[in-house]
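If you want the building blocks of each chain, they are given just below.
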Amino acid sequence: MMFSVCIPVYNTSEYLRECLDSVLSQTFRDFEIVLIDDGSTDDSPRICDEYAEEHSNIRVIHKQNEGLMMTRRRGFQEARGDYFICLDSDDALNDVDGLKKIRHMIEEKNADMVIYEYFYAFERTVGAGKRISLFDHPSGYIFQGEQKQELYNKFLLGKGLNPIVIKAVSRKIVDMDEDYSRWKDSLVNGLAEDLFQTLPILDAAQRVAYLKESLYFYRWNPASISRNIRPDYYYAYRTVYQRTDEYLKKWGFEEEKIHRIMQGRINMIFGVLLAEHQPDRKRWLQVLSEVSDDPFFRELWQKRDKAYICKYYMLMGQLILKKQFLILQIVKKTVEFLVRIKKYIQRSN
């Protein structure tokens, strides 16, 4: 079998049929769909079973809730295809010839990974959304040997290459025997989980083909993203960054790029710790207290560069280290109020 399309499912009944139909409508037919229901509490389990009864190439695994990373790992373990394609259950494949084009690229270029483009929008309608172009290279370009350094740079500098859902990967390069359960409690963020799992896969890939076509539809909801940031995301990013450090050395990154990566980490961490919407204030203050004593944060803070870090983050970092959380909250509320006033004035003009 050529492809296993692995789809983790958790409470996405509103979009699940559209997702499944986008795969079932593919012109290339040598594939299976592996649905892993991660303890959904809505109508998703029934929809999964309904589709499995109607289509012989769909299998369903129902399990207790463990989170996205462990659910994806279970999908890999259950998959029978030579290549894995990940698809989120509220997204869709964007081209009925998508699998056909990926297969052609694999066979023509002898690729063990294919990276393709995507577009995102609120809804999957004609003319809507924004296409994400990843490289200036033509379709069919091969990253191998020294050329892979460009991939590594783009991947670790946060240039849109992170999502695992825009990569078709050979079973041979997936670290199938690695036990990821020890990380499941810390990796509670989808972006961190994607980066964490992709690191060893990208490292193992010998020939990576670039398919310059938008084959994936990512359903984008910025309101829900900004309002669902949790302080515990700090631990997810710390786990990922610690693993990333191993690959920075292995991939031979220059000091200048490592410096830029470190500044990006600081900005990412403050984006989490100082997000405007903190649903659990008590937990937020607890995390700030733990961060102030965390050797990882302290070491990272020593590497800060004023040229990359805004004055607001510079001030808040000092307040966190000194455990001045009352002053921090006052400053945070004041800055957020001033930002809202500025936006109001801009809209009024």
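Now for a description of the structure that goes with this document. (Residues numbered from 1 in each chain as written. Predicted model: local features only at pLDDT ≥ 70, side-chain atom pairs only at ≥ 80, totals over all residues. Heavy atoms only, no water.)

Some remarks on empty space enclosed by the protein
Inclusion rule: The rule is simple: put a 1 Å grid over the protein atoms alone, call a set of points where a 1.4 Å probe fits but cannot get out a cavity, call an open set with protein on both sides within 12 Å along at least five of seven lines a pocket, and count a residue as lining if it has an atom within 4 Å of a point. Grid points are joined across faces, edges and corners, and a volume is the space filled by probe spheres set on the points. Counting from the N terminus, the helices are the DSSP runs of H or I reaching at least four residues and the strands are the DSSP runs of E reaching at least two. Classes in brief: Ala, Val, Leu, Ile, Met, Phe, Trp, Tyr, Cys and Pro nonpolar; Asp, Glu, Lys and Arg charged; the others, Gly included, polar.
One pass over the full model with this rule turns up 1 cavity of 30 Å³ or more. Looking at the largest cavity, its volume works out to about 30 Å³. If one sorts the elements of the lining of the largest cavity by residue count, helix H4 (residues 98-109) sits on top with 3 residues. Residue classes in the lining of the largest cavity are distributed as 4 nonpolar, 2 polar and 1 charged.

Regarding the nonpolar core
Put simply, the test is: Residues grouped as a nonpolar core are buried Ala, Val, Leu, Ile, Met, Phe, Trp, Tyr and Cys residues, joined through side-chain atoms within 4.5 Å. Burial classification: accessible surface area is computed with a 1.4 Å probe over protein chains only, and a residue below 20% of its type maximum counts as buried, one above 50% as exposed, and the rest as partly exposed. The contact definition used throughout considers only heavy atoms, calling two residues in contact when any of these lie within 4.5 Å.
Among the nonpolar cores identified, the biggest contains 114 residues, and Phe3, Ile102, Val114 and Tyr116 are the most heavily contacted of them. A total of 9 residues in this core trace back to one element, the largest contributor, which is helix H8 (residues 233-250). For Tyr116, the contacting residues outside a window of four places in its chain are Ile85, Ile102, Leu134, Val165, Ile166, Lys167, Ala168, Leu211, Glu213, Leu215 and Tyr216.

So, helix H9 (residues 255-273)
Along an α-helix, a turn takes 3.6 residues, which lines up residues three or four apart on a common side. To be explicit about the condition: Expected helix span is taken as 1.5 Å per residue step, with the number of steps being one fewer than the number of residues.
Over its 19 residues, H9 extends 27 Å from the first C-alpha to the last, a length consistent with the 27 Å expected when each residue adds 1.5 Å. Among the residues of H9, those classed as buried are Ile258, Ile261, Met262, Gln263, Arg265, Ile266, Ile269, Phe270, Val272 and Leu273. The inward-facing, buried residues of H9 contact helix H5 (148-156), H8, helix H10 (281-292), helix H11 (295-302) and helix H12 (311-321).

Describing the pattern of salt bridges
What counts, and what does not: Any Lys or Arg side-chain nitrogen found within 4 Å of a carboxyl oxygen on Asp or Glu counts as a salt bridge.
In this structure the tally under the stated criterion is 29 salt bridges. In this structure, the salt-bridge partner of Asp95 is Lys101, at a minimum N-O distance of 2.6 Å.

Quick notes on helix H6 (residues 190-204)
Counted only if it meets this: What is called the bend at a residue is the angle between a pair of axes, fitted to the seven residues leading up to and ending at it and to the seven starting from it.
Counted at 1.5 Å a residue, the expected span for H6 with its 15 residues is 21 Å, and the 22 Å between its end C-alpha atoms agrees. Taking the largest bend as the criterion, H6 deviates by roughly 35°, centred on Thr198, and proline Pro200 comes between one and four positions later. Of all 15 residues in H6, 12 are buried, a share of seventy percent or more. On its buried face, H6 sits against helix H3 (68-78), strand E6 (113-121), H5, strand E9 (167-170) and H8.

A short note on the packing of aromatic side chains
Selection criterion: Only Phe, Tyr and Trp rings are paired, with Trp represented by its six-membered ring, and only when their centres lie within 6.5 Å; those with planes under 30 degrees apart are stacked, over 60 edge-to-face, the remainder tilted.
For the structure on display, the rule yields 19 aromatic pairs. Each ring, one from Phe135 and one from Tyr210, has its centre 5.1 Å from the other, and the planes form 80°; the classification is edge-to-face. Placement of Phe135 in the loop between strand E7 (130-132) and strand E8 (142-143) and of Tyr210 in strand E10 (residues 208-219) is noted, with a sequence separation of 75 residues between them. Given the relative accessible area of 0%, Tyr210 is considered buried. The interplanar angle of 20° and the centroid separation of 6.0 Å between the aromatic rings of Tyr237 and Tyr241 together place this pair among those described as stacked. Of this pair, Tyr237 and Tyr241 both sit in helix H8, 4 residues apart, which is roughly one turn of the helix.

Topic: the packing of H6 against H8
The criterion, for reference: Structural elements are reduced to axes, namely lines fitted to C-alpha atoms, with helices fitted over the stretch in contact, and the angle between N-to-C directions of any two is expressed from 0 to 180 degrees. Any angle from 65 to 115 degrees is called roughly perpendicular, while one under 35 is roughly parallel, one over 145 is roughly antiparallel, and all others are oblique. The handedness criterion is simple: a crossing whose near helix is rotated anticlockwise from the far helix by less than a right angle is left-handed, and one whose near helix is rotated clockwise is right-handed.
Contact geometry of H6 with H8 gives a least axis separation of 9 Å together with a crossing angle of 20°. One element, H6, and the other, H8, form an angle in the roughly parallel class. Relative to H8, H6 is oriented so that their crossing is left-handed. Contacts from Leu191, Ala192, Leu195, Phe196, Leu199, Pro200 and Asp203 of H6 reach H8 at Ala236, Tyr237, Thr239, Val240, Arg243, Thr244, Tyr247 and Lys250. For the contact of H6 with H8, the class distribution of residues is 10 nonpolar, 2 polar and 3 charged.

Let's talk about the layout of surface pockets
When its volume is computed, the second largest pocket comes out at roughly 240 Å³. Put simply, the parts of the chain that give the lining of the second largest pocket at least two residues each are H8, H9 and H11. The class makeup of the residues in the lining of the second largest pocket is 6 nonpolar, 1 polar and 5 charged.

Notes on the environment of His259
Within the secondary structure layout, His259 lies in helix H9. You can call His259 partly exposed: its relative accessible area is 30%. As a C-alpha pair, His259 and Asp305 span 46 residues in sequence and 8.7 Å in three-dimensional space.

Bear in mind that shape data such as this cannot, by itself, settle questions of function.
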